[in-house]
Amino acid sequence: MADNDKNPHECPDTGHEWDGITELTNPPPRWWIIALYLSGLLVLVYFILYPSLPLVNDSTDGLLGWTQIEEYKENLAEVEAKRAPFEDQLAAMSAEEILEDEELRNYAVGSSKVLYGDNCAACHGTGGIPPEGSGYPVLADDDWLYGGSVGKIVETLAKGRQGMMPAHKELLTDEEVDQLVQFVINRSEGQATDAGWKLYNDKGCVACHGPEAQGIQQLGSANLSDKIWRFSGEPDEIRHTILHGVNDTNDPKTRIAVMPGWNEKLAVKLEAEEWDEEPEYDGTETQRLSETEIKKLAVYVHQLGGGE
Ligand code: HEC
Ligand code: HEC
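Residues numbered from 1 in each chain as written. Chains lettered and ligands numbered in written order. Predicted model: local features only at pLDDT ≥ 70, side-chain atom pairs only at ≥ 80, totals over all residues. Heavy atoms only, no water.

### Section: the site of ligand 1
The environment of ligand 1 is made up of 25 residues, and the closest members are Cys-120, Cys-123, His-124, Tyr-146 and Met-259. The side chain of His-124 places a nitrogen or oxygen atom 2.8 Å from a nitrogen atom of ligand 1. Taking Leu-145, its main chain carries an N or O atom lying 2.7 Å from an oxygen atom of ligand 1. Ranked by residues supplied to the shell around ligand 1, first place goes to helix α6 (residues 150-159) with three residues. Residues belonging to the shell around ligand 1 are distributed by class as follows: 18 nonpolar, five polar and two charged. (Near = heavy atom within 4 Å. Polar contact = N/O pair within 3.5 Å; in protein donor to acceptor, adjacent residues only side chain to side chain. Helix = DSSP H or I, 4+ residues; strand = E, 2+ residues; numbered from the N terminus. Nonpolar A, V, L, I, M, F, W, Y, C, P; charged D, E, K, R; others polar.)

Okay, structure coming up:
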């Protein structure tokens, strides 16, 4: 380069030599020196403009007053401005209407992931699949205790759910329990015997699980006619359910199955709509999730598995 056009042989050397190669003392090229000083200057400028020197509890502020939090807040405001039109639309629509509209459905699903992770995944697992044996229902299949229409899911989320099966340990002999365990297994394989059906009917199981043992969604009673188990298909676990029931407060060994409610106000409103009445709020209703958040989550859960 222009700075470096001296004949290397005329240049003084440092006296170091390896295998005939001598180390010279020519200065570094000027462009390089300029770049070095410029970058030093740039550090100084940044040092003055931005927070830099760490102090005991804080750091120097810098002339621009920039902070990461401010930048984050600005970004957040930008995202919220983009979301606002969607959120306004969702607020005015029913969950069914959101499901019908592809763009809004995608938006609802996308923005539910965090909501689901924060509020639901602890029990229902990531993607609606809880760890086996956890006692929480899978949301990613098309087997529904309470119904898989998006409207029913909204209702489940607003009100919460708590299926109730009484403990039968006082009501059945050991032999009858054995026979009913066998009946439940046979039924799941489509091979129930007449004697099994008779016991199922006589002992009142039919009242909650229905004439075909397919469950009754108003009660959230499990479908016993398929191989999708609410708790477990192991004979000992089936026996446990029959003996101790579900959410039977009189039996300390009962299975606990409580889905918390997320919006009492919406629950009151849905209840009133069902009876074609005006909702009567008493002002103490809690809303752990907003109505719009519930609609979004219902759409999300609906598309996780086979919604109905
Ligand atoms: C504390 C644990 C817990 C949390 C948190 C929880 N659930 Fe549940 N959920 C349950 C249990 C238990 C049931 C089953 C209730 C029953 O068996 O009667 C259930 C039932 C459901 C059902 C009904 C499934 C069916 O087959 O009909 C849906 C839908 C559901 N939950 C969605 C959610 C969503 C969405 C959230 C987050 C907002 C959530 N749950 C948070 C425990 C939980
Ligand atoms: C008062 C209503 C009621 C009666 C009576 C009743 N059940 Fe249930 N049963 C339920 C409900 C509700 C559930 C689901 C609970 C839940 O998921 O929260 C259930 C769950 C079960 C399960 C668990 C199924 C699975 O997939 O893990 C079995 C097995 C069962 N019942 C068998 C019986 C048998 C056998 C009888 C008769 C002796 C009977 N039930 C009587 C309401 C009832």
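### Side note on the site of ligand 2
Around ligand 2 sit 25 residues, and of these Met-165, Cys-205, Cys-208, His-209 and Arg-230 come closest. Here an oxygen atom of ligand 2 and a backbone polar atom of Phe-231 are 2.7 Å apart. Put simply, the parts of the chain that give the shell around ligand 2 at least two residues each are α9 (205-209) and α10 (235-244). For the shell around ligand 2, the class distribution of residues is 16 nonpolar, eight polar and one charged.

### Remarks on the coordination of the iron atom of ligand 2
Octahedral six-donor coordination of a metal ideally yields angles of 90 or 180 degrees, compared with 109.5 degrees for tetrahedral four-donor coordination. At this site the iron atom of ligand 2 is bound by Met-165 (SD) and His-209 (NE2), with donor distances of 2.0 to 2.1 Å. Of note is the iron atom of ligand 2, whose six donor atoms meet at the metal with angles of 87 to 179° in an arrangement that counts as octahedral. Remark: His-209 occurs in helix α9 and Met-165 occurs in the loop between α6 and α7 (174-188); sequence separation between them is 44 residues. Residue classification places Met-165 among the buried residues on the basis of a relative accessible area of 18%. His-209 gets classed as buried once you look at its relative accessible area, which sits at 11%. (Donors = N, O, S within 2.8 Å, 3.2 Å for Na, K, Ca; no water. Tetrahedral: all angles 85-135°; square planar, octahedral: opposite > 155°, others 65-115°. Buried < 20%, exposed > 50% of the residue type's maximum accessible area, 1.4 Å probe, protein only.)

### Thoughts on the packing of α7 against helix α8 (residues 194-202)
At a minimum axis separation of 9 Å, α7 and α8 run at an interaxial angle of 115°. If you check the angle between α7 and α8, you find them roughly perpendicular. Relative to α8, α7 is oriented so that their crossing is left-handed. On α8, the residues that touch Glu-176, Gln-179, Leu-180, Phe-183 and Arg-187 of α7 are Gly-196, Trp-197, Leu-199 and Tyr-200. Residue composition of the contact of α7 with α8, grouped by class: five nonpolar, two polar and two charged. (Axes fitted to C-alpha atoms, helices over the stretch in contact; angles between N-to-C directions. Parallel < 35°, antiparallel > 145°, perpendicular 65-115°, else oblique. Left-handed = near helix turned anticlockwise from the far one by under 90°. Contact = heavy atoms within 4.5 Å.)

### A short note on α7
An ideal rise of 1.5 Å per residue puts 21 Å on 15 residues; α7 measures up with 22 Å between its terminal C-alpha atoms. What α7 keeps buried is the set Glu-176, Val-177, Leu-180, Val-181, Phe-183, Val-184, Ile-185, Asn-186, Arg-187 and Ser-188. The inward-facing, buried residues of α7 abut α8, α9 and α10. (Expected span 1.5 Å × (residues − 1).)

### A look at the pairing of strand β2 (residues 21-24)
The side chains of a regular strand alternate between both faces of the sheet. In terms of strand pairing, strand β1 (residues 13-18) meets β2 through three bridges, oriented antiparallel. The residue of β2 that forms the bridge with Trp-18 is Ile-21. Linking β1 to β2, which pair antiparallel, is a turn of two residues; within it Asp-19 sits at a positive phi near 50°. (Pairing = 2+ DSSP bridges.)

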